[in-house]
Amino acid sequence: MSLPAGSTIGIIGGGQLGRMLAMAAARLGYRTVVLEPQADCPAAQLANRQIVAAYDDTAALAELAAASAVVTYEFENVPVVAANALAATVPVYPPARALEVAQDRVAEKQFLNGIGIQTADFRPVDTDEELTAALKKFDGSGILKTRRMGYDGKGQRVFRNMETGGFAGTCEAMGNVPLILESFVAFEREISVITARGLDGSLAAYDPAENVHRDGILHTSTLPAPITSETAAAAQAAAARILASLDYVGVIGVEFFVLADGSLLANEIAPRVHNSGHWTEAACVVSQFEQHIRAVAGLPLGNPGRHFDCVMENLIGDDVLRVPALLAEPDLMLHLYGKAEARPGRKMGHFTRTSRRG
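Residues numbered from 1 in each chain as written. Predicted model: local features only at pLDDT ≥ 70, side-chain atom pairs only at ≥ 80, totals over all residues. Heavy atoms only, no water.

Considerations on the domain arrangement of the protein
Reasoning step 1: Along its sequence, the protein is organised into domain 1 (8-93), domain 2 (121-182) and domain 3 (187-356).
Reasoning step 2: A C-alpha centroid distance of 22 Å is found between domain 1 and domain 3.
Reasoning step 3: In this complex, domain 1 contributes 21 residues to the contact, which on the side of domain 3 involves 23 residues.
Reasoning step 4: Across the domain 1/domain 3 interface, buried area totals approximately 2000 Å², and carbon plus sulfur atoms make up 68% of it.
Reasoning step 5: Put simply, domain 1 and domain 3 have 2 salt bridges between them. (Domains from an automatic or database assignment. Contact = heavy atoms within 4.5 Å. Buried area = accessible area lost by both parts, 1.4 Å probe. Salt bridge = Lys/Arg side-chain N within 4 Å of Asp/Glu carboxyl O.)

Here's what the structure looks like:
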């Protein structure tokens, strides 16, 4: 049963992804209420209502549940306890199980390996001694990350050809939180797949994008990705397996490393609409944001076909000063996020250059 027009969709999180979900919901005739502690957040500028409260505020969660026919979220660090509490009274999509997997990098990799999807080698790290032992396994090189939180390159430290010893104080410097050491991967490129799964189990997979990062933050996503059709199909099949295993509803972003022989290693999953899918606004009839709203509302999924080649580029910090020049270009779609202050590393918007498919 699909949600009738005029129903309210609750969104946890008030950033740019919530903003774009609210826009898509409005186009389909739905109202939105956003739970976000920051007043006048990007999503609240377009939603019908904002509840200004913490994500784990019991009274606010009850208010959100009472106001919503279904609840979704724009980021993967929503407290699992909050998602479960909401799910007791209102449907929550994607399910809380997806949050449990995505919030802990060790659990995420164990989940992926458990359903037959390969990842980089990894070791859980809780002490400097465990770090030393793990680095010995990886020949003194690897990426040390916090198991929880951390995004856009935050919460990470890189080791390259280090002598395996003398790491006293590393775990303390990382905050004395659970860590994971991941081995380096000799990859040719990074890609991601955006896929939706409906309430009825139907799937809609967008073409894979090639992603380039700068300083740990996504810089560009390019379509088509320079990969074989076999590699593209393997990425989409892996995403479908993840969705089925989680009994997922909504859009997911899955990032992969592409190796020299075209094989894939999964890097991470994001149980939400994803930065590397922003190009779908400009190059597809149905964007990832509309697709997500269709899925959680029980509507038929739309055609994910791509009508243009394109390059999506993020506007980070003072990049937003380029806007007048960008608007003078033909075949360019610009999207700004309504953020008042440009800061280093802050995503202020994005644009997508389109061209006819080759």
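Moving on, there is more to tell.
As for the pattern of salt bridges
Reasoning step 1: Here the structure, examined in full by the defined rule, presents 16 salt bridges.
Reasoning step 2: Glu 290 is paired through a salt bridge with Arg 294; the nearest N and O atoms lie 2.9 Å apart. One end of the pair, Glu 290, and the other, Arg 294, are both in helix H10 (residues 288-296), 4 residues apart, so they sit about a helical turn from each other.
Reasoning step 3: A cluster of three or more residues bridged by salt bridges with shared partners is formed by Arg 27, Glu 290 and Arg 294. (Helix = DSSP H or I, 4+ residues; strand = E, 2+ residues; numbered from the N terminus.)

Concerning the nonpolar core
Reasoning step 1: Ranked by size, the top nonpolar core spans 46 residues in total, and within it Ile 12, Leu 64, Leu 86, Ile 242, Phe 256 and Ile 269 carry the most contacts.
Reasoning step 2: Residue assignment places this core across two domains, with domain 1 (8-93) and domain 3 (187-356) each supplying three or more.
Reasoning step 3: Beyond its immediate stretch of four places on either side in the chain, Phe 256 contacts Arg 189, Glu 190, Ile 191, Val 193, Ala 235, Ala 238, Leu 264, Leu 265, Ala 266 and Asn 267. (Core = buried A, V, L, I, M, F, W, Y, C linked by side-chain atoms within 4.5 Å. Buried < 20%, exposed > 50% of the residue type's maximum accessible area, 1.4 Å probe, protein only.)

Comments concerning the sheet that holds strand S6 (residues 142-146)
Reasoning step 1: Judged by pairing direction, the sheet is antiparallel, and its 4 strands sit side by side in the order S5-S8-S6-S7 without closing on themselves. Edge positions in the sheet fall to strand S5 (122-125) and strand S7 (156-159), since each of these pairs with one other strand and no more. Here the average twist between neighbouring strands, direction ignored, is 20°.
Reasoning step 2: As paired strands, S5 and strand S8 (residues 179-182) are joined by 4 bridges and run antiparallel to one another. (Pairing = 2+ DSSP bridges. Axes fitted to C-alpha atoms, helices over the stretch in contact; angles between N-to-C directions.)

A look at H10
At 3.6 residues per turn, the α-helix brings residues three or four places apart onto the same side.
Reasoning step 1: Burial of H10 is extensive: 9 of the 9 residues sit out of reach of the surface.
Reasoning step 2: At the exit of H10 stands Gly 298, carrying a positive phi of roughly 75°.

Some thoughts on the packing of aromatic side chains
Reasoning step 1: Taken as a whole, this structure holds 3 aromatic pairs when the rule is applied.
Reasoning step 2: Ring centres of Tyr 55 and Phe 75 lie 4.9 Å apart, and the angle between their planes is 50°; on these two criteria the pair is classed as tilted. Of this pair, Tyr 55 sits in the loop between strand S3 (49-51) and helix H2 (58-67) while Phe 75 sits in the loop between strand S4 (70-73) and helix H3 (80-87), placing them 20 residues apart in sequence.
Reasoning step 3: By relative accessible area, Phe 75 is classed as buried at 17%. (Phe/Tyr/Trp six-rings, centres within 6.5 Å; stacked < 30°, edge-to-face > 60°.)

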